[in-house]
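Letter by letter, the chains look like this.
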Amino acid sequence: MKKVLLSIMAFSLFGCAELQQIASQYPGLDPVGNAEIASGLKEALNNGITKEVTKLTSTDGFYKNQMVKILLPDELQKVDKGLRDIGLGSLADEGIKLLNRAAEDAVKEATPIFVDAVRNMSFNDAKNILLGSDNSATLYLQSSTTQSLYGKFNPVIQKSLSKVGADAAWKNIITKYNAIPLTSNVNPDLNDYVTQKALEGVFKMIAVEEKDIRTNLNARTSDLLKKVFAMQDAK
């Protein structure tokens, strides 16, 4: 069946007559043209972006989502443990919450960049995504947007860490930790770390949505999505 599908798509490049002739040999499979394949993939990606990015930008979108919650980097794990050991667990919890608040704030910058990437998708991109692995669309977005997203996220996170009080909170946290006897002083820069974790979280949630639309028929909420992803089901 996979060879049949590839043949249909190849012939579609030369005209509808050849496509209809081949498809007629397999009455269970509706012919899907280039424009429909591209439109269907763009619709699926835009739906996933809107749904998942919106979730992440809401309050606790990162902090209460265990799939993407930002924890402390390795070099600060000892800070977390040290604070909890002396009864300052609430201070450590607040510090982690503020890192997640910064990510939630930054992800609001993501949607326009994703929209541009989807708009610029070629038919070959769409075809490869449709017949690819369960995360092909996510990998496409990752390769075409990560650099731009980092450039947008990092200054927002830096500003957000200041706005939500994370920089002052972490200065206080680290000062208290460094005052604990027999500990080694730490002085980390959290901007890059939170930016990278925010990017990981965005792509992780988009991958969840992509897998859902590929495997859950109920997630295909339009006739176009049903028609286009039927090709994937048959491969």
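Since this is a predicted model, take the numbers as computed values, not measurements.

Caption draft 1: Structural detail: the overall build of the protein. Across its full length, the protein holds eleven helices and zero strands. Moving toward the C terminus, one meets the helices and strands of the protein in the order α-α-α-α-α-α-α-α-α-α-α. With 235 residues in all, the protein has 45% of them scored as buried. Put simply, of all contacts in the protein between residues at least 6 apart along the chain, 78% involve residues at least 24 apart. When the accessible surface of the protein is summed, it comes to about 12000 Å², and 52% of that surface belongs to carbon and sulfur atoms.

Caption draft 2: Main features of the nonpolar core. Of all hydrophobic cores here, the largest spans 61 residues; its most connected members are Phe114, Leu141, Phe153 and Val194. It is helix α10 (residues 191-215) that provides the largest number of residues to this core, a total of nine residues. Excluding residues that lie within four positions of it along the chain, phenylalanine 114 makes contacts with Ile49, Val53, Leu141, Thr145, Leu149, Val202, Phe203 and Ile206.

Caption draft 3: Broad picture of the pattern of salt bridges. Counted according to the given criterion, the structure contains twelve salt bridges. The salt bridge partner of lysine 51 is glutamate 209, with a shortest N-O separation of 3.3 Å. Of this pair, lysine 51 sits in helix α3 (residues 34-57) while glutamate 209 sits in helix α10, placing them 158 residues apart in sequence. What emerges from the salt-bridge pattern is a single network uniting Asp60, Lys64, Arg101 and Glu104.

Caption draft 4: How the structure looks around the side chain of glutamate 104. Counting through the fold element by element, glutamate 104 comes out in helix α5 (residues 89-106). In terms of polar contacts, glutamate 104 uses its side chain to reach the backbone amide nitrogen of aspartate 60, at 3.3 Å. A distance of 3.1 Å separates the side chain of glutamate 104 from the backbone nitrogen of phenylalanine 62, its partner in a polar contact. Residue contacts for glutamate 104: discarding those within four places in its chain leaves Leu56, Thr57, Ser58, Thr59, Asp60, Gly61, Phe62 and Tyr63.

Caption draft 5: Here's a closer look at the confidence of the model for the protein. Across the protein, the average pLDDT comes to 78, with 79% of residues at or above 70. Here helix α1 (residues 2-12) is the element of the protein with the lowest mean pLDDT, 34, and helix α6 (residues 110-119) is the one with the highest, 92. For residues 1-29, every residue scores under 50 in pLDDT, and the model assigns this stretch 29 contacts once sequence neighbours within four places are set aside.

Caption draft 6: Representation of the packing of helix α8 (residues 136-163) against α10 in the model. Between α8 and α10, whose axes approach to 8 Å, the crossing angle comes to 145 degrees. The crossing of α8 and α10 is right-handed. Residue classes in the contact of α8 with α10 are distributed as 14 nonpolar, ten polar and three charged.

Caption draft 7: Structural context of α6. Those residues of α6 lying buried are Ala110, Ile113, Phe114, Ala117 and Val118. The buried residues of α6 occupy an angular sector of 135 degrees when projected down its axis, which confines them to one face. Among the structural elements, α3, α5, α8 and α10 are those in contact with the buried residues of α6.

Caption draft 8: Seen up close, unusual backbone geometry. One non-glycine residue, aspartate 60, lies in the positive phi region at around 70 degrees. Here aspartate 60 is to be found in the loop between α3 and α4 (74-85).

Caption draft 9: The packing of aromatic side chains, seen in detail. Per the stated rule, a full pass over the model turns up one aromatic pair. Here phenylalanine 114 and phenylalanine 203 contribute two aromatic rings whose centre-to-centre distance is 6.0 Å and whose plane-to-plane angle is 80 degrees, an arrangement assigned as edge-to-face. Of this pair, phenylalanine 114 sits in helix α6 while phenylalanine 203 is found in helix α10, placing the two residues 89 residues apart along the sequence. This pair shows no difference in class: phenylalanine 114 is buried, exactly as phenylalanine 203 is. The residue whose ring lies beneath lysine 69 is tyrosine 63, and the NZ or CZ to ring-centre distance is 4.6 Å.

Caption draft 10: Layout of the environment of lysine 197. By the secondary structure assignment, lysine 197 is in helix α10. Setting aside chain neighbours within four positions, we find lysine 197 in contact with Phe62 and Ile70.

The rules behind each value
Residues numbered from 1 in each chain as written. Predicted model: local features only at pLDDT ≥ 70, side-chain atom pairs only at ≥ 80, totals over all residues. Heavy atoms only, no water. Helix = DSSP H or I, 4+ residues; strand = E, 2+ residues; numbered from the N terminus. Buried < 20%, exposed > 50% of the residue type's maximum accessible area, 1.4 Å probe, protein only. Contact = heavy atoms within 4.5 Å. Areas by Shrake-Rupley, 256 points an atom, 1.4 Å probe, with all protein chains shown as cover. Core = buried A, V, L, I, M, F, W, Y, C linked by side-chain atoms within 4.5 Å. Salt bridge = Lys/Arg side-chain N within 4 Å of Asp/Glu carboxyl O. Polar contact = N/O pair within 3.5 Å; in protein donor to acceptor, adjacent residues only side chain to side chain. pLDDT = per-residue confidence, 0-100. Axes fitted to C-alpha atoms, helices over the stretch in contact; angles between N-to-C directions. Left-handed = near helix turned anticlockwise from the far one by under 90°. Nonpolar A, V, L, I, M, F, W, Y, C, P; charged D, E, K, R; others polar. Arc of directions from axis to C-beta. Phe/Tyr/Trp six-rings, centres within 6.5 Å; stacked < 30°, edge-to-face > 60°. Lys NZ or Arg CZ within 6 Å of the ring centre and 35° of its normal.

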